[in-house]
Structures are given as C-alpha cells and as structure tokens.
Amino acid sequence: MKAVNQNDNVKKRGQENLSTFYSEYGKNIYNLAYRIIGNKQEAEDLTQETFLLAFNNINKFQGKSQLYTWLYSIAKNLCYRSYQNKTKNSFASFESLINTAPIEDIPDDL
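Everything numeric here is computed off the predicted structure, so don't read it as measured data.

What follows covers the overall build of the chain. Scanning the chain from N- to C-terminus turns up four helices and zero strands. The buried share of the chain, reckoned over its 110 residues, is 25%. Long-range pairs, those at least 24 residues apart, make up 69% of the contacts in the chain with a sequence separation of at least 6. Carbon and sulfur atoms make up 51% of the accessible area of the chain, which amounts to about 8,300 Å² in all.

All right, on to the nonpolar core then. One recurring pattern in soluble globular proteins is that nonpolar side chains are buried together. Phe21, Leu46, Phe51, Ala54, Leu67, Trp70 and Leu71 are the most contacted members of the largest nonpolar core, which totals 19 residues. If you tally residues by element for this core, the top one is helix H4 (residues 67–100), at seven residues. When residues no more than four places from it in sequence are discounted, the contact partners of Ala54 are Phe21, Trp70, Leu71 and Ile74.

Within the secondary structure layout, Thr50 lies in helix H3 (residues 40–56). A polar contact of 2.8 Å, which involves the side chain of Thr50, links it to the backbone oxygen of Leu46. Residues in contact with Thr50, not counting those within four places in the same chain, are Ile29, Leu71, Ile74, Ala75 and Leu78.

With 17 residues, H3 should reach 24 Å at 1.5 Å per residue; the first-to-last C-alpha distance of 24 Å fits that figure. Buried within H3 are the following residues: Ala43, Leu46, Thr47, Thr50, Phe51 and Ala54. Along H3, the residues classed as buried sweep out an arc of 135 degrees about the axis, all on the same side. Its side-chain oxygen at 3.0 Å from the backbone nitrogen of Gln41, Asn39 defines the N-terminal cap of H3.

Applying the stated criterion across every chain yields a total of five aromatic pairs. Geometrically, the ring pair formed by Tyr30 and Tyr34 is stacked, given 6.1 Å between the ring centres and 20 degrees between the ring planes. Residue Tyr30 and its partner Tyr34 are both found in helix H2 (residues 18–37); the two are separated by four residues, about one turn of the helix. The exposure class assigned to Tyr30 is partly exposed, which follows from its relative accessible area of 22%. With relative accessibility at 35%, the residue Tyr34 sits in the partly exposed group. Measuring from ring centre to ring centre gives 5.1 Å for Phe61 and Trp70, while their planes differ by 50 degrees; the resulting arrangement is tilted. Of the residues examined, Phe61 reaches a relative accessible area of 2% and is grouped as buried.

For the chain, per-residue confidence averages 77 on the pLDDT scale, and residues scoring 70 or more make up 63% of the total. Model confidence for the chain, summarised as mean pLDDT per element, is weakest for helix H1 (residues 6–16) at 56 and strongest for H3 at 94.

How each quantity is defined
- Residues numbered from 1 in each chain as written.
- Predicted model: local features only at pLDDT ≥ 70, side-chain atom pairs only at ≥ 80, totals over all residues.
- Heavy atoms only, no water.
- Helix = DSSP H or I, 4+ residues; strand = E, 2+ residues; numbered from the N terminus.
- Buried < 20%, exposed > 50% of the residue type's maximum accessible area, 1.4 Å probe, protein only.
- Contact = heavy atoms within 4.5 Å.
- Areas by Shrake-Rupley, 256 points an atom, 1.4 Å probe, with all protein chains shown as cover.
- Core = buried A, V, L, I, M, F, W, Y, C linked by side-chain atoms within 4.5 Å.
- Polar contact = N/O pair within 3.5 Å; in protein donor to acceptor, adjacent residues only side chain to side chain.
- Expected span 1.5 Å × (residues − 1).
- Arc of directions from axis to C-beta.
- Phe/Tyr/Trp six-rings, centres within 6.5 Å; stacked < 30°, edge-to-face > 60°.
- pLDDT = per-residue confidence, 0-100.

What follows is the structure, given as structure tokens:
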C-alpha cells in the first residue's frame, strides 16, 4: 500500500472543499491582510483573492511547508502588491493635482 504524503492530502482537500479550506484559515489570513492594509473591505477582498489563488493553484503546492505558511505567503504578497499599487496611484494623483492646480500669487509672509 502506497503512503500518502501531506502534499497529496492538502491538494485533495483543497480541490474537494473550498469552504472547509476557508473556514480553517480564513480568519488568520483576514487578520494579516487587515494589519497590512488597514481597511476592512479591502482586507476581505484580499482574503478572498488569496483563497481563490490558492485553490486555483493547489497543484503547485509542493508540501515543503505547512499549508498555512503557503497561504500566508500568498496573502502577504497580494497585500504588499495592493499597498504598492495604492501608493503609486496616490502619488500619481497627487502629482497630477499639483500640475493642474491654478497658480496663484504666493503671499510674502509664507
């Protein structure tokens, strides 16, 4: 009889039942996303995105780490990417605001 390793069990579980997968680790992933992003709605979206990415890529899970470690890495990378995009967009918006703002005389006492 062939021994089944953790990797095979995780893949099978992930493919069989996403809701079980989510209920086991969802709260921890949400907390991570909220700590990084600081916005409830965005943290919820990133949590869902994490699990969809993990579910769609469960065959890439190599079992070299715990499942939570793999999910944590996915969530962390998504959060940082989201944070960087938000920062880039904010700076671009700020710069465009500067360039389009009407030029006024600067007071002497400034």
